[in-house]
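Summary of structural features
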Amino acid sequence: MHNIKDIRNDPSKFKDSLKKRFLDLDLNKLLELDENNRKLIQEKENLEKEKKEISKSKNKDLFEKSKSISKKIDVLENKLKEIKVNLENILSSLPNIPYDDVPVGKDESSNKEVSKSGSIPKFDFKPKSHFELGENLNMLDFDLATKTTGSRFVFVKDKLALLERAISNFMIDVHTNQNGYQEISPPLIASESTMYGTGQLPKFENDQFEIKFDDKNDRKFLIPTAEVILTNMGKDRIFHLNELPLRLVASTPCFRKEAGSYGKDTKGMIRQHQFYKVELVSIVEPHNCLIELDRMTNCATKILDLLKLPYRKIILSSGDMGFSAEKTFDIEVWLPAENKYREISSCSSCGSFQARRMKSRYKNKKNETVFLGTLNGSGLAVGRTLIAILENYQQSDGSIKIPEVLKPYMNNLDKIVKK
RNA sequence: GGAAGGAUGGCUGAGCGGUUGAAAGCACCGGUCUUGAAAACCGGCAAAGGGGCAACUCUUUCCUGGGUUCGAAUCCCAGUCCUUCCGCCA
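The sections below set out a description of the structure shown in this document. Residue numbers restart at each chain and count upward from 1, following the sequence in its written direction. Starting at A for chains and at 1 for ligands, labels are handed out in the order in which the entities are written. The predicted nature of this model means local features are confined to residues of pLDDT at least 70 and side-chain atom pairs, given and counted, to a pLDDT of 80 or more, with totals for whole chains, interfaces and linings taken over all residues. No hydrogens and no water enter the side-chain calculation; it runs on all heavy atoms of the structure.

A few points about the overall build of chain A
Condition: Secondary structure elements follow DSSP: runs of H or I no shorter than four residues count as helices, runs of E no shorter than two count as strands, and numbering proceeds from the N terminus. Three labels apply to residues, based on accessible area from a 1.4 Å probe with only protein chains included: buried if under 20% of the type maximum, exposed if over 50%, partly exposed otherwise in between. Working rule for contacts: check all heavy atoms of both residues, and any pair within 4.5 Å makes them a contact. Here the accessible surface of atoms and residues is derived via Shrake-Rupley with a 1.4 Å probe, and residues count as covered only by protein chains that are part of the display.
Of regular secondary structure, chain A possesses 12 helices and 18 strands. By residue count, 49% of the 419 residues in chain A fall in the buried class. Sequence separation of 24 or more characterises 73% of the internal contacts of chain A that already satisfy a separation of 6 or more. Carbon and sulfur atoms provide 47% of the accessible area of chain A, an area that totals close to 21300 Å².

Some details on the pattern of salt bridges
Under the convention used in this document: Salt bridge, as used here, is a side-chain nitrogen of Lys or Arg placed within 4 Å of a carboxyl oxygen of Asp or Glu.
Per the counting criterion, the structure on display carries 27 salt bridges. Put simply, E292 and R247 hold a salt bridge, and the shortest N to O gap is 2.7 Å. Separated by 45 residues along the polypeptide, E292 in helix α10 (residues 289-307) and R247 in strand β9 (residues 246-255) bring together distant segments of the chain. With its nearest N and O atoms 2.9 Å apart, the salt bridge here joins E338 to R342. Since its relative accessible area comes to 14%, R342 is described here as buried. Among the charged side chains, a salt-bridge network with shared partners connects E258, D265, R271, E338 and R342.

A closer look at the packing of helix α7 (residues 158-177) against helix α12 (residues 382-392)
Formally: Orientation is described by axes fitted as lines to C-alpha atoms, over the contacting stretch for helices, and by angles from 0 to 180 degrees between their N-to-C directions. Definitions for this section: a left-handed crossing has its near helix turned counterclockwise from the far helix by less than a right angle. A right-handed crossing has that turn clockwise. Think of it as three bins: nonpolar holds Ala, Val, Leu, Ile, Met, Phe, Trp, Tyr, Cys and Pro, charged holds Asp, Glu, Lys and Arg, and polar takes everything else, Gly as well.
Two elements in contact, α7 and α12, have axes whose closest approach is 10 Å; the angle formed by their N-to-C orientations is 115°. Handedness of the α7/α12 crossing: right-handed. Across from L160, L163, E164, I167, S168 and M171 in α7, the residues of α12 making contact are V382, T385, L386, I389 and L390. Residues belonging to the contact of α7 with α12 are distributed by class as follows: eight nonpolar, two polar and one charged.

Concerning the pairing of strand β16 (residues 373-381)
A regular strand places its side chains so that they alternate between the two faces of the sheet. Here is the rule we go by: Any two strands are treated as partners once DSSP identifies two or more bridges connecting them.
Along β16, nine of the nine residues are buried, which leaves the element largely enclosed by surrounding structure. Where strand β10 (residues 274-284) meets β16, seven bridges bridge the pair, whose relative direction is antiparallel. By the bridge assignment for β16, K277 is matched with A381.

Any functional reading would require information that these geometric values do not contain.
Okay, structure coming up:
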């Protein structure tokens, strides 16, 4: 959410910065509503002042007049309510403004590689895809999931289920013990206002799974990422300076409809309606956002370093970034079967964009109340890490070596082999 | 699901029809003192929005939404959430 004052002060600058998002919108309606809003506010305030003075004077002769003022105020209030709804509808649908150093471009083709790390494994056989490997081991079962649930779900079984759990535990341990994050086990269901706070609503309702509760006025959604629930821990709150930075980590299932991506990655577990993800969230003073973004990104890549998985870091172009982000680094892991890098983490700074939506504030050094900065990043997507391990650690016989750092989490198992 | 109590500023907590935006304490910020810190003392300190270059000023807000009244944190109605007790249950 943007501050209407910023838009009002320099509409053309604001418009230009949204052009980086390839949005050419007409701000006139917004500005017109804003002006009208302020005009009516002034009228209303004058009446209120008058009314206040009458009641203070306790002069009975003026009481009738006060009543008639009340009626006028009622009319104005109704008009204002309507304007406010319209204003907020427009404002809440505007995406965040890309930070200065974000490459401008329409889509992922303008993303820029920042760095590369790790060595790409050489195979003296044709590497298999994760779903071939998993199905041959009888440890990934897509057909069964289709039967019980539907498409884009999977049963992970036996030692791969253990591996999935190990990955998750390993990552959380690194983030809590070495990276200074506090572990959270949050609700997996979020209220409508919580979803609004991080920017999933109102614009992206179609991507969300809504839960049916008895009370129809109280809408609830399965979280599409722990970012939603963790970031909203600061909702409607004023933090003390000494509580910052707040760094949170959670491993949770995520639920996404992924509407519009049908036909993409239909095979395997790259794109599922449900997947586990270890999520990092930082709540910081807004001027520290970009430093924190680098820090967070390093926390994520550290996991890949420890797992000895090759990856690259890219900066997303303005057109490819998420709605709430001002700057995003994606980390892509090497997948031998696809012979390319695939996204395994996405770390974003949202500046004060989300904080403004959810009224998440703190008292700064000068004792002023200001909006916080929020960041979120995957550290990492568990399902995709499983895929990357399957593909990068596969052996010619179809078995899977276990990365050194995961062995303690897997009863010191060396290898996953077919029974 | 049944019964009772409650919701006030960053926090604790008074107020229960008329300068109450709201006592007091804590926290926080500034200052005096101190080599420095602590303690002590003095001062400041709610948010949102409008107007103004600014100093400043106005309006709203005591869970939410209605109502009574010239006037509501205070009275009435509805709802939400919390706490305690009982029942049920992983």
